[in-house]
Amino acid sequence: KDKKDKKKDKKKGKGKGKPKKDADGEEGGDKKPEKISAQGRLVAERLRKQQEEEERVRKLQEEEEARVRAEEEAEAAKLRAIEDEKQKKKDAKKAKDDAKKAAGTYMTKAEKAKARAAAERREQMKAAGLFREDIDKTPSKPVYGKKKGKDDKKKKEEEAKKKAEEEAAAKAAEEAAAKAAE
């Protein structure tokens with residue numbers, strides 16, 4: 001071919017073409033390995049060591065993060081257990097108070113203090129001899145009705161006489177029955 005045809009082929013892209021790739025992915029399979037100078041080897045060695053150090057530091061950081069995360073989870077679980085225990089106690093106390101309220105024996109803190117003070121005063125009064133337990137504690141109810149007068153006295157006397165007569169008659173009947181039985 002002429003020079004002109006070669007130029008045309010070059011312009012159209014029909015020249016030598018692209019070099020083929022090796023199995024390693026490098027172009028130009030027949031190239032010789034590059035020679036690396038001593039300075040280049042030192043730089044490559046430093047770079048390799050630096051990468052290894054960075055990898056080691058990254059692994060240590062990941063391990064530390066995992067350890068901290070595990071500790072935080074353990075602490076959170078411990079706090080949840082404590083909160084659950086508190087809630088359980090609170091629910092038990094509420095159920096107990098509800099049962100007392102249903103039975104009518106529930107007393108607030110102030111009511112308990114008032115009852116305690118009253119009991120202390122009662123004990124002091126007993127010790128001083130001012131308090132007697134043999135007295136009926138229930139107050140007597142007032143009786144609304146007619147006032148007792150002279151007529152009431154007469155009625156009472158008559159009732160007492162009738163009662164005495166009935167008792168005497170009952171005794172006489174018992175004695176007669178006892179004699180008859182003998």
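Residues numbered from 1 in each chain as written. Predicted model: local features only at pLDDT ≥ 70, side-chain atom pairs only at ≥ 80, totals over all residues. Heavy atoms only, no water.

## What to know about the overall build of the protein chain
A tally of helices and strands in the protein chain yields four helices and zero strands. Put simply, the protein chain shows about 18,700 Å² of open surface, and 53% of that area lies on carbon and sulfur atoms. (Helix = DSSP H or I, 4+ residues; strand = E, 2+ residues; numbered from the N terminus. Areas by Shrake-Rupley, 256 points an atom, 1.4 Å probe, with all protein chains shown as cover.)

## Regarding a positive patch on the surface
Residues Lys96, Lys100, Lys112 and Arg116 make up a contiguous surface patch of positive charge. Where the positive patch is concerned, the elements lending two or more residues are helix 2 (38-103) and helix 3 (109-128). Positionally, Arg116 belongs in helix 3. (Patch = residues over 30% accessible without salt bridge, like charges linked within 9 Å, V, L, I, M, F, W, Y side chains within 5 Å. Salt bridge = Lys/Arg side-chain N within 4 Å of Asp/Glu carboxyl O. Lys, Arg positive; Asp, Glu negative; His and termini not counted. Charge placed at Lys NZ, Arg CZ, Asp CG, Glu CD.)

## A closer look at the pattern of salt bridges
Under the definition given, this model contains nine salt bridges. Among the salt bridges present, the one from Glu52 reaches Arg48, with a minimum N-O distance of 2.6 Å. Of this pair, Glu52 and Arg48 both sit in helix 2, four residues apart, which is roughly one turn of that helix. Between Arg56 and Glu53 there is a salt bridge, with the nearest N and O atoms lying 2.4 Å from each other. Remark: Glu53 and Arg56 occur in helix 2; sequence separation between them is three residues, near one turn of the helix. Judged by relative accessible area, Arg56 falls into the partly exposed class, the value being 44%. A single salt-bridge network, built from bridges that share partners, covers Glu45, Arg48 and Glu52. (Buried < 20%, exposed > 50% of the residue type's maximum accessible area, 1.4 Å probe, protein only.)

## Describing helix 2
Since there are 3.6 residues in each turn of an α-helix, residues three or four apart along the chain are aligned in direction. For helix 2, built from 66 residues, the straight-helix expectation of 98 Å at 1.5 Å per residue is met to within 8% by its first-to-last C-alpha distance of 97 Å. At the exit of helix 2 stands Gly104, carrying a positive phi of roughly 85°. (Expected span 1.5 Å × (residues − 1).)

## Some words on the confidence of the model for the protein chain
Low-pLDDT portions of the prediction should not be read for the details of their coordinates. Mean pLDDT over the protein chain: 83, with 77% of residues reaching 70 or higher. Averaged pLDDT values for the elements of the protein chain fall to 69 in helix 1 (residues 3-12) and rise to 95 in helix 2. (pLDDT = per-residue confidence, 0-100.)

## A few points about helix 3
Its 20 residues give helix 3 an end-to-end C-alpha distance of 29 Å, which sits within 8% of 28 Å, the value for a rise of 1.5 Å per residue. At the exit of helix 3 stands Gly129, carrying a positive phi of roughly 85°.

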